[in-house]
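# A structural walkthrough
Here is how the chains run, residue by residue.
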Amino acid sequence: MEKEDLKVLNKGEEEEMELQGYRLCRWRLTLVGLGVLCTGGFLLLLLYWMPEWCVKSTCTRTTARDAEVVLLRSTDEFRRWFLAKVRVMLAPGSNPFHSLETQTTSPSPPPSPSSPTSPPLANGHTPHSSDSSPAQELSMRYADYQPTQIRYFTFHSTKYYWNDGMQNFEFLNGLEDLQVSCSTLHMEHSTGLTRNQREYRKLFFGVNEIAVKVPSVFKLLIKEVLNPFYIFQLFSVILWSADEYYYYAVAIVFMSVISIATSLYTIKKQYIMLHDMVAAHSTVRVSVCRADNEVEDILSTDLVPGDVMVIPSNGTIMPCDAVLVSGTCIVNESMLTGESVPVTKTNLPNPVPGERGEEADAAYSTEEHKRHTLFCGTNVIQTRFYTGELVKAVVVCTGFSTAKGQLVRSILYPKPTDFKLYRDAYLFLLCLVAVAGIGFVYSIVLSVLNKVPAKTIIIESLDIITITVPPALPAAMTAGIVYAQRRLKKIGIFCISPQRINICGQINLVCFDKTGTLTEDGLDLWGVQRVENGSFHLSEENAYKENLVKSQFVACMATCHSLTKIEGQLSGDPLDLKMFEATGWILEEATEEETSLHNRIMPTVVRPPKQLLPPEPASSPEQDMELYELASAHEIGIVRQFPFSSASQRMSVVARLLGEKRMDAYTKGAPEVVASLCKKETVPESFPEVLEGYTKQGFRVIALAHRRLESKLTWHKVQNISRDHIEANMEFLGLIIMQNKLKAETPGVLQDLRRAHIRTVMVTGDNMLTAISVARDCGMIPPQDTVIIADAFPPHNGQAAKITWRYADKPSKSSRLEEINISLEDVCHVDEQHKPREMYHFAMNGKSFAVIEEHFPDLLQKLVLHGTVFARMAPDQKTQLIEALQGVDYFVGMCGDGANDCGALKRAHGGISLSELEASVASPFTSRTPNISCVPSLIREGRAALITSFCVFKFMALYSIIQYISVTLLYSILSNLGDFQFLFIDIAIILLIVFTMSLNPAWKELVSRRPPSGLISGPLLFSVLTQILICLGFQTITFLWVRQQSWYTVWTPQTDVCNQSSHITTFDHNDTEADDHNIQNFENTSLFYVSCFQYLIVAIVFSKGKPFRQPSYKNWPFVMSSLSLYVFLLFILFYSVQGIDDFLEVVCVPFEWRLKLFLIILVNAAVSVLVETFVLDIILWKLVFSRDKQGSFGVTPAAPTSQGGIDLGAFKCLSWLCCSRKMAPKARYMHLAQELSVDPDWPPKPTTTTEAKPRPENGSTYQIMINS
């Protein structure tokens, strides 16, 4: 049953989960209730923290269909548990898209529920409007139907409904669930819904709103206070109060209150910000078309998938995702994409039935048809419409199913940050708990042997636990991150996910978008190269010439764009803008008044300036003036646009010259794509060479094409014609060459990253050779390095998928191939002389990446190890690349301008958006500086924050252990530290030091080594353990040595050793009645002095500066705090002040013992510094960093510097000395690099082909074919 009824929700998606059904069990509930009473509520807390235990202890297993409670478990690496309660609702049907009107009984329009005509429910009662739910109201209208029970549960703001056919719960997305084709959407879904249909669908899809409920302070407080750590603090406070440690208890309560208040303020502020962000469009009035052709005004919250919404001409903020079925809209999508450039959205193509084309049978999909889809939260600036017709859009998704809803859900329910530091922190705490357990047992045994009262035994043994696990740890760990966040804000980097700052300290590979990130946003027109009669003209600087004004080339430049006028200003894609401005033409759009005068949509008109037109001929009087004006006007009207699509890499328009009957089609786009749509005879033979010549120089090349359309194509036919029909048999017109300049800061920043052994990768939507050229220009690929282009082809005509390898600079010519089978397992026989020594980089385009990912999965990891240029990458492929790099254990940073990078920015360990817009919601970091100089700054701050976290954690661990040692030693003589001693240590020393030692700013430059990623690493453990042993040693020496002193006696209030030098009278032990806890004694005083100095010694020893942070002497608050504490402690050590001694409960000791204590402290400090600085930094620290260097394992960085790192031989020698065995690399990319360094056939030669083969039992899944 366990296996059989384990359901999988959202299969194959990011939110995939396993589901098990449970039914509540009364006797188990009773038992748990008793347990809760017996444990004083602690069991209830435990079940709150552990949903799995909660469900399994109160319920019995059942099928998912009959479940009352479902237990969910994520299938990702975190394997988190969740529970959800299954609810039941009654509805007239089980499928929201079934039409109830087609049933036998056709109900009348909905009467008022309280009117006498309301049909009674099955039981004969007529419900009142006040107590009837929407479901009941609807069931009322369909009283003759048998109501259906619908089972559902809500999880992460999403409803999952039980589907009998699938035998599983499913999430209702919207209209896309129907898999409707574009033509069906036009025919069956563009008329609108009846009121009854809308009410029925609303039962399933709910209210159309992205409800970000801002929890009350009380709710947040309860949730925050129930954190295990605060529960532990509460336990500590109760215990200290029982032991009369009131001051310390109050101090901890005060700290906790501040910590909780700060946390509540931050969380509440984030909720309010998010609520305000989504509230803008949550409730607006919208017009919808009903099935009976009437237009009705409703609230946007009442919209359901299938409603037909009327887009107002003056624009609106979209309250849902909808697809345009008539008219055109100009939309600002900066909220989603980060691109403030207005986008033109056209109506969804409506293929003629029976037409065979790509679009004819295509099912509507938001992703594929995004150029026709208006997304929730985006701003419709203006609409273009037909007279008498409305701009209509069919609602596709509502609420949290929309694109914006998904974005808000990802913010509301983020994945936990998986970072070794946090996992190790818990392990470390467990170790401290184990140490506390030893002390707990020790104190019980000791107290029993000394016949101590039971109450004292319980309090003191539990006290050991509260000493070992420091209560101030969470606040201390957060301090470093908060300071780093503040420093980042000062340099213009804003962070919405502070926990990621630490992870940024580990980044060893950064992916960069090209346009707008590495290069300037705008493009400059470098020149044009026209084609006539199948051959190229010489390149020309511009097209602003009289002799070209009536050429098809200039007509294409003037019409083939998506520019529009907004408030009199030309607006649109920067490339289109530059291209149009280069022609010098004028663009005019029809006003609303003009549109209403015509019986069709007024086209956008473009015309050249008068000075470019040829001089007007002298007109004869008998010439018809109107005809003459028409001929000389030379105006072109844009009749229809096929917007640019990154999938097809082109855009087209249909235009008509004023006075002409036939229309013209113009296309512009990627040269390879446009050339493939043209007649072969019109494309020059030298086209590949000319194109390669430009792209190698880093130019962005765009090709233009033209076609005269048939005269039978009327204006109306053009509005419904398929794109494929237009974009065929075209004539090649020539090339536009655009220059994309590098940003001034780019080469310097990339050089800094390369020097720091941080790999750089380019991920762009641009042409491959242009990208390689830019990579060479900015220093990502040094001039001497080889670039190997991987061209992958999917299986075709029975042939397997294959990859051909060629050099970017020297394209391979076709030649005879000879087959050689290579088994990957058998690569040990290495012929060193054939091993290529030069650095190499792989480059590939998006299509090849997709083929390699599908057919060569084991090869992909090897390719990303040296892949530097990824061109023509779609947005989802950028995300897949990030995942592939993370799959080989890289810590990946991503820097983009926000346009197509949202997914990749979210998925990377450290995503930084250069866009100042709201799109940065998707990115953990946003930079105000519009260049990549923010990347090294972020990594430096991340490293500083990470090292600060290590320092603080080590210091807090040592603080609790030092205090634990002191208390354990004092327990042996039935003594303890005093209340004010604890208070002085915890408040004056620990808190002051912790909050100031975190203030060290980041080191001014990036160094070539990275900090370790976890606490459980050799050097860090060595550091902590050696310091623990040193502190233990010196405290034990102090404890034993004081008892050996000639003046030593058991202290009583009458003891006065300060004024006596030789004989001391021994007093009876019973005279210590004034001090119930036996706090005041020589052992306590001596250990108090030594331990206070030990806290300061380890603080200074652990507070490391270079190479990741500025030196501690530059951290003035820390220096001043430490000096003040040293001065104060030395003062009270050498000069006894009665008031201070009484407050701290220390006793007077002879001056010679004070000098001996000072000597112990000096020797302790010297040993601590020696071990930490020389032994750790010189031997172990370098050893661990040498393993982290990419060079050590043959992983070539993006480009070589004089880095080399510690070479492999030196590393092995050092490893052998320290570990007496060779250490395996920790990261998978290092392991792969080691394997490839001994593979004679890697990298593939430039004249080889790799073919996919069926996976054999043993060996590789591909075959390499080599040129003879």
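Shown above is the structure to which this text applies.
Residues numbered from 1 in each chain as written. Predicted model: local features only at pLDDT ≥ 70, side-chain atom pairs only at ≥ 80, totals over all residues. Heavy atoms only, no water.

### Overview of the overall build of the chain
- Summing up its helical and strand segments, the chain has 39 helices and 43 strands in all.
- Put simply, of all contacts in the chain between residues at least 6 apart along the chain, 76% involve residues at least 24 apart.
- Roughly 56600 Å² of accessible area belongs to the chain as shown, and the carbon and sulfur atoms make up 57% of that amount. (Helix = DSSP H or I, 4+ residues; strand = E, 2+ residues; numbered from the N terminus. Contact = heavy atoms within 4.5 Å. Areas by Shrake-Rupley, 256 points an atom, 1.4 Å probe, with all protein chains shown as cover.)

### Some details on the pattern of salt bridges
- The full count for this structure, using the stated rule, is 26 salt bridges.
- The salt bridge partner of Arg 195 is Glu 294, with a shortest N-O separation of 3.6 Å. Residue Arg 195 is located in helix α6 (residues 195-205), and its partner Glu 294 is located in the loop between β10 (285-289) and β11 (295-299); the two are separated by 99 residues in the primary sequence.
- Take Arg 195: its relative accessible area is 34%, and that puts it in the partly exposed class.
- The exposure class assigned to Glu 294 is partly exposed, which follows from its relative accessible area of 34%.
- Ionic pairing is found between Asp 302 and Lys 202, a salt bridge with its closest N-O pair at 2.6 Å. Here Asp 302, found in the loop between β11 and β12 (308-310), pairs with Lys 202, found in helix α6; they are 100 residues apart in sequence, far enough to count as distant.
- Here the salt bridges share partners, and the residues they tie into one network are Arg 195, Arg 290, Glu 294, Glu 296 and Asp 307. (Salt bridge = Lys/Arg side-chain N within 4 Å of Asp/Glu carboxyl O. Buried < 20%, exposed > 50% of the residue type's maximum accessible area, 1.4 Å probe, protein only.)

### Considering unusual backbone geometry
- The backbone of Asn 729 sits at a positive phi, close to 50°, despite the residue not being glycine.
- Tracing the backbone shows Asn 729 in the loop between α24 (723-726) and β32 (731-739).

### Some points on the environment of Pro 228
- Looking at where Pro 228 falls in the secondary structure, it is placed in helix α8 (residues 228-242).
- Look at Pro 228 and you get partly exposed, because its relative accessible area is 46%.
- Residues Pro 228 and Trp 49, 179 residues apart in the sequence, show an inter-C-alpha distance of 8.2 Å.

### Quick word on the sheet that holds β32
- Taken in spatial order, the nine strands line up as β23-β22-β32-β31-β30-β29-β28-β27-β26 in an open sheet, and their pairing is antiparallel. The sheet terminates laterally at β23 (535-536) and β26 (586-588), the two strands that pair on one side only.
- Direction of pairing for β26 relative to strand β27 (residues 604-607): antiparallel, over a ladder of three bridges. The residue bridging Glu 588 from the neighbouring strand is Val 605, located in β27. (Pairing = 2+ DSSP bridges.)

### Observations concerning the pairing of strand β4 (residues 69-74)
- Of all six residues in β4, five are buried; the element is thus mostly enclosed.
- Strand direction decides the pairing type here: strand β2 (residues 17-24) and β4, joined by six bridges, are antiparallel. Its bridge partner being in β4, Met 17 is matched across the sheet by Ser 74.
- The pairing of β4 with strand β5 (residues 81-85) spans five bridges and is classified as antiparallel. From the neighbouring strand, Val 69 faces β5, where its bridge partner is Lys 85.
- Once β4 ends, the chain turns through six residues before running back antiparallel as β5, passing Arg 79 with a positive phi of about 50°.

### Some points on helix α34 (residues 1082-1102)
- For α34, built from 21 residues, the straight-helix expectation of 30 Å at 1.5 Å per residue is met to within 8% by its first-to-last C-alpha distance of 30 Å.
- Burial analysis of α34 places 20 of its 21 residues in the buried class, the great majority of the element.
- Capping the start of α34, Asn 1081 holds a side-chain oxygen 3.3 Å from the backbone nitrogen of Glu 1083, two or three residues further along. (Expected span 1.5 Å × (residues − 1). Polar contact = N/O pair within 3.5 Å; in protein donor to acceptor, adjacent residues only side chain to side chain.)

### Some points on the sheet that holds strand β6 (residues 87-91)
- As summarised here, the arrangement of the four strands in space is β6-β7-β8-β9, forming an open sheet in which the pairing is antiparallel. Since the sheet does not close on itself, it has two edges, and those belong to β6 and β9 (168-171), each with one partner. Geometrically, the sheet is characterised by an average inter-axis angle of 40° between neighbouring strands, direction not taken into account.
- One ladder, built from four bridges, connects strand β7 (residues 148-155) with strand β8 (residues 158-163); its direction is antiparallel. Opposite Thr 154, over in β8, you have Lys 159 as the bridge partner.
- Lying over the sheet, α6 contacts β6, β7 and β8, oriented at roughly 170° with respect to β6. (Axes fitted to C-alpha atoms, helices over the stretch in contact; angles between N-to-C directions.)

### Observations regarding the nonpolar core
- Counting 98 residues, the largest nonpolar core has Phe 955, Met 956, Ile 989, Ile 990, Ile 993 and Phe 1082 as its most contacted members.
- Ranked by residues supplied to this core, first place goes to helix α31 (residues 934-971) with 19 residues.
- Sequence-distant contacts of Ile 990, defined by excluding residues within four places in its chain, comprise Phe 955, Met 956, Tyr 959, Ile 985 and Tyr 1095. (Core = buried A, V, L, I, M, F, W, Y, C linked by side-chain atoms within 4.5 Å.)

### Structural notes on α31
- Taking 1.5 Å per residue, 38 residues should reach 56 Å; α31 reaches 54 Å between its end C-alpha atoms and fits that length.
- Along α31, 38 of the 38 residues are buried, which leaves the element largely enclosed by surrounding structure.

### Points about the packing of aromatic side chains
- Inspection of every chain in the model, using the stated rule, returns 30 aromatic pairs.
- Aromatic side chains Tyr 959 and Tyr 1095 sit 6.0 Å apart centroid to centroid with 65° between the ring planes, which places their arrangement in the edge-to-face category. Of this pair, Tyr 959 sits in helix α31 while Tyr 1095 sits in helix α34, and the two are 136 residues apart along the sequence.
- Tyr 959 gets classed as buried once you look at its relative accessible area, which sits at 3%.
- Under the relative-accessibility criterion, Tyr 1095 is labelled buried at 0%.
- Ring geometry for Trp 1047 versus Phe 1082: centroids 5.2 Å apart, planes at 80°, classification edge-to-face. Taken together, the residues Trp 1047 in the loop between α33 (1018-1044) and α34 and Phe 1082 in helix α34 connect sequence positions 35 residues apart.
- Note on Trp 1047: relative accessible area 2%, which makes it buried.
- A relative accessible area of 0% places Phe 1082 in the buried class. (Phe/Tyr/Trp six-rings, centres within 6.5 Å; stacked < 30°, edge-to-face > 60°.)

### Quick notes on a nonpolar patch on the surface
- Residues Trp 27, Leu 31, Leu 34 and Leu 37 make up a contiguous nonpolar surface patch of roughly 490 Å² in combined accessible area.
- Here Leu 31 is to be found in helix α1 (residues 26-38). (Patch = residues over 30% accessible without salt bridge, like charges linked within 9 Å, V, L, I, M, F, W, Y side chains within 5 Å.)

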